[in-house]
Amino acid sequence: MFAVNDGFEGFYKGQIKEFKWGDVGGWTGQGGSLLGTKRTLPGKHLEKIAEQMRIHNINALLVIGGFEAYVGILELSAARDKYNEFCVPMVMVPATVSNNIPGSDLSIGSDTALNAITDTCDRIKQSASGTKRRVFIIETMGGYCGYLATVGGLAAGADTVYIYEEPFDIRDLQANVEHLTQKMKTSIQRGLVLRNENCNENFTTDFVYQLYTEEGRGVFDCRKNILGHMQQGGSPSPFDRNFSTKIAAKAIQWITRTLKDSYKGGRVFANSEDTACLLGMRRRALVFQPVSQLRDETDFVHRIPKEQWWLKLRPLMKILAKYKTSYDVSDSGQLEHVTRIRPKETNTSATI
C-alpha cells in the first residue's frame, strides 16, 4: 500500500511512500486532509504519472477527493489507449463538503460542514434574541452547488435560500422582503436569509444586504455574515466517520476482487470501462458506477451534476417559512422485487 502526497501533483513528482498500519493510527477522528491535496489535474502530466506507476509497480488506484478527483479519473481512463500503466482498476471515493459529485447522493465531509453551518446559524439567531426585528444574511460555500445552503437553511430555519440551481430575479427578492416585513408584525421578530456564494454574479451578498436594508428601513435592520472556511468544520461528525469507513472498505474489497479478475499472464490488465469507477451512495445503496457513464450527467462548466435529489426539499422549506406553495410528495419509481430468499423453517424452529 502506497500513499501519494499532494494529489496528482505529488504523483507525477514522485511523492510516493509506503504506508503501514502504524502510519494511519487515529486518522478517523482527525479533520483535514493529512495526505495533502492539490487541484492539479493529471491531464498535462500523464507521461510522468505513467512513469511513476511503472517505477513503483502500482496495480490499482484509490482516489479520494472532490470534483478534481472525478475529472482526474476520467482523464486517466481516457488515456488508457496510450499508456498501458493506466490499464489498472481505479476507484474514486467522493470526499468534498460541497456534495457536488455526480453519481453520489452524499459525499464524505458534507455532513460535518452542515453541522458547522447549522451551529453557526443557531448562534447568529441567538445573538438577536435581545434585539427585536433583525434579519441576517449569511453566505455559505459550495461553489455553484446549493446543497449546503439548502439543507443548512432547512435545518437552521431560514426564511429564504438563494441558490444557482433555482434562478431568481429582482421580483423574487422583492417578494421575500415583503414576506419578511409581514413576519416582523408577528411574535417572531427575526429573519434568516442564506445565499450560496455563486448563486448569482450580480446579486452579490452586499447587493442583497443593501436591498434588504433599504426596503426594510423602519421595519427591520440587517446584518450580513460570510461564514468562510469556518464551515468546513473541525473533526468529522460521527456520520462522516462511519460513512467514510464503510465506503473505503467497500472500495478496497472491489479493488481486491477486480485485481483477481484482471490478473492475466503474470500482470494486471484492466481496460474495460467498468474498471474505472466512482463509488457513490444512490438512495440507500452503495453503487460502483463507471465514470465514463457519469460524464453525460455532469455540468463540467459549473462543476455540478445535472440532476440533484435535494432540489425536491426546496418547496418544503418555503412551506415551513409560511409561503403559500404546494408540495408534491409523490415520487415516481419502479417496484423492486425482493430477491433475498428466506430460509425454510426447520422442524426445530417450528417447535420453538
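Refer to the structure above for everything that follows.
Residues numbered from 1 in each chain as written. Predicted model: local features only at pLDDT ≥ 70, side-chain atom pairs only at ≥ 80, totals over all residues. Heavy atoms only, no water.

A.B. asks: What's the story with the packing of helix 6 (residues 170–183) against helix 7 (residues 205–215) in this structure? I'm lost.
C.D. replies: Packed helix pairs are specified by the crossing angle of their axes together with the interaxial distance, meaning the distance between the axes. In contact at an axis separation of 10 Å, helix 6 and helix 7 are set at 45 degrees when each is read in the N-to-C sense. For the element pair helix 6 / helix 7, the angle class is oblique. Judged by the twist between their axes, the crossing of helix 6 over helix 7 is right-handed. Between helix 6 and helix 7, the residues in contact are Ile170, Leu173, Asn176, Val177 and Leu180 and Phe207, Val208, Leu211, Tyr212 and Glu215, respectively. (Axes fitted to C-alpha atoms, helices over the stretch in contact; angles between N-to-C directions. Helix = DSSP H or I, 4+ residues; strand = E, 2+ residues; numbered from the N terminus. Parallel < 35°, antiparallel > 145°, perpendicular 65-115°, else oblique. Left-handed = near helix turned anticlockwise from the far one by under 90°. Contact = heavy atoms within 4.5 Å.)

A.B. asks: Just checking my understanding: could you explain the sheet that holds strand 5 (residues 134–140) for this structure?
C.D. replies: Working definition: the strands of a sheet are paired by backbone hydrogen bonds and lie parallel or antiparallel to each other. One open sheet holds the 4 strands; their spatial order is 6-7-5-8, and the pairing between them is parallel. Each end of this open sheet is capped by a strand with a single partner; those strands are strand 6 (160–162) and strand 8 (221–226). Strand-to-strand, the axes of this sheet are offset by a mean angle of 20 degrees, without reference to chain direction. Direction of pairing for strand 5 relative to strand 7 (residues 190–196): parallel, over a ladder of 7 bridges. Counted as the bridge partner of Arg134 is Arg190 from strand 7. Of the strands in this sheet, strand 5, strand 7 and strand 8 are in contact with helix 4 (residues 110–127), which crosses strand 5 at around 160 degrees. (Pairing = 2+ DSSP bridges.)

A.B. asks: Honestly, the pattern of salt bridges in this entry has me stumped. Any pointers?
C.D. replies: A side chain with one charge may pair with a side chain of the opposite charge, provided their charged atoms come close. Counted by the stated rule, this structure contains 13 salt bridges. Note that Arg195 is salt-bridged to Glu139, the shortest N-O span being 3.5 Å. Residue Arg195 is found in strand 7, and its partner Glu139 is found in strand 5; the two are separated by 56 residues along the sequence. There is no split in this pair, since Arg195 and Glu139 are both buried. Between Arg223 and Asp221 there is a salt bridge, with its nearest N and O atoms 3.9 Å apart. Because the salt bridges share partners, they merge into one network encompassing Arg134, Asp221 and Arg223. (Salt bridge = Lys/Arg side-chain N within 4 Å of Asp/Glu carboxyl O. Buried < 20%, exposed > 50% of the residue type's maximum accessible area, 1.4 Å probe, protein only.)

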